[in-house]
Amino acid sequence: MTYLDHAATTPMLPEAVEAMTAELGRLGNPSSLHAVGRRARRIVEESREIIAGAFDARPSEVIFTGGGTEADNLAVKGIFWARRAADPARVRVLAGAVEHHAVLDAVQWLADHEGAQVEWIPVDGLGRVDPAAVREMIGPGGGDDIALITVMWANNEVGTVQPVAELAALAREHGIPFHTDAVQAAAQLPVAFAGSGAHALTLSGHKLGGPLGVGVLLLAKGTDPVPVLHGGGQERDVRSGTLDTPAIAGLAAAVEITASRWEEQARSLSALRDELIARVMAAVPDAVLNGDPVHRLPGNAHLSFPGCEGDALLMLLDARGIECSTGSACSAGVAQPSHVLLAMGAGPERARGSLRFSLGHTSTEADVAALAEAIGPVVERARRAGLS
Ligand SMILES: Cc1ncc(COP(=O)(O)O)c(C=O)c1O
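Residues numbered from 1 in each chain as written. Predicted model: local features only at pLDDT ≥ 70, side-chain atom pairs only at ≥ 80, totals over all residues. Heavy atoms only, no water.

Contacts to the ligand come from 14 residues, most closely from Gly68, Thr69, Asp181, Ser204 and Lys207. His100 is positioned such that a nitrogen or oxygen atom in its side chain is 3.3 Å from an oxygen atom of the ligand. Between the ligand and Gln184 there is a distance of 2.8 Å, counted from an oxygen atom to a side-chain nitrogen or oxygen. Protein contact buries 90% of the 390 Å² of open area that the ligand shows by itself. The element best represented in the shell around the ligand is helix α3 (residues 68-86), accounting for three residues. (Near = heavy atom within 4 Å. Polar contact = N/O pair within 3.5 Å; in protein donor to acceptor, adjacent residues only side chain to side chain. Areas by Shrake-Rupley, 256 points an atom, 1.4 Å probe, with all protein chains shown as cover. Helix = DSSP H or I, 4+ residues; strand = E, 2+ residues; numbered from the N terminus.)

The final tally for this structure, using the stated rule, is 18 salt bridges. With a shortest N-O distance of 2.8 Å, Arg48 and Glu45 are connected by a salt bridge. In this pair, Arg48 and Glu45 are both assigned in helix α2 (residues 35-54), three residues apart and thus about one turn of the helix distant. Residue Asp286 pairs with Arg383 through a salt bridge whose shortest N-O separation is 3.0 Å. Here the residue Asp286 occupies a position in the loop between α10 (262-283) and β9 (288-290), and Arg383 occupies one in helix α14 (residues 365-385), the gap between them amounting to 97 residues. Note on Asp286: relative accessible area 38%, which makes it partly exposed. (Salt bridge = Lys/Arg side-chain N within 4 Å of Asp/Glu carboxyl O. Buried < 20%, exposed > 50% of the residue type's maximum accessible area, 1.4 Å probe, protein only.)

These figures come from the coordinates and say nothing about function on their own.
Dropping the structure here:
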């Protein structure tokens, strides 16, 4: 098998499996006051400290959630509700046009059900937000009527990395909370919460070598979203629900290892990715690289193959044991051109005939060689089948 879909999910690190399985057989609700509960609580609090240390945050800023989608929803809806409650005039939301659906659809839901006035922040042809455009959107009113600005750290489809620190500084200048979805970035690039200036930052376990179904919202002191989940008041009353000790232990183990080799892995993955792109382009000279060639996730190669259906390419590669994606796995199966490529100005044909190859901690030269060998004949075959 040649697995080139690490952006969809990446294998758990052995250390994370070990930490998680050690906890699976153990009893204990971390909220219980007796010894068994206190033992589980200790695991949770040690994990919180590891995660805070890795991401330049304070332990009190770490809110555990059931994944990246939940953390995004809590940030977007919760901060909107809190800001509007403090001032009913604050109903504007500025959100990146190329956000993951976990942000995109949460923002759209606020527009459809809560009277939010959404303004989508445009991107250029490489998928990048221009801070000057955001300054203009904030407008002469200084942003008093803005509840939230949200722009992702790095895009899950085309891998473009955004100028997050500049955007956060701009938001702070105007007293506006800034949220960033760092789910993809945190697996491959150094992510510093305090250093970035963001008020809220989303992480997901299964993208960085931890388990599925656990995530984190980093929340700066003083940023207090209205909860989405109500119940037992766990996690500073921001996210109720009994904490998943095994998943949290696995997440902390994965974070510790991932963060310890961010720089080294970014270098090696970038080299492997550049080789992948060069070899695919050599086999299919009219293929087009999407996204920013410079500000790019180390493991992302997103290419369009003119005259092909992305789905056909994916199935033909799958038949040869090569696994990749036609965009984000979360929207695969939905026969619509990617909103990311459309926002970047690509025509529907280029958007449809595209594939994402994403590398991660288990990727090797042999993976790249297998793709390089297969891609030419596969594209030829998909071209003969034509566009539907
Ligand atoms: C950028 C981004 N945000 C959020 C998510 C959702 O995270 P989770 O799968 O943990 O719900 C994903 C997953 O694809 C993602 O890539």
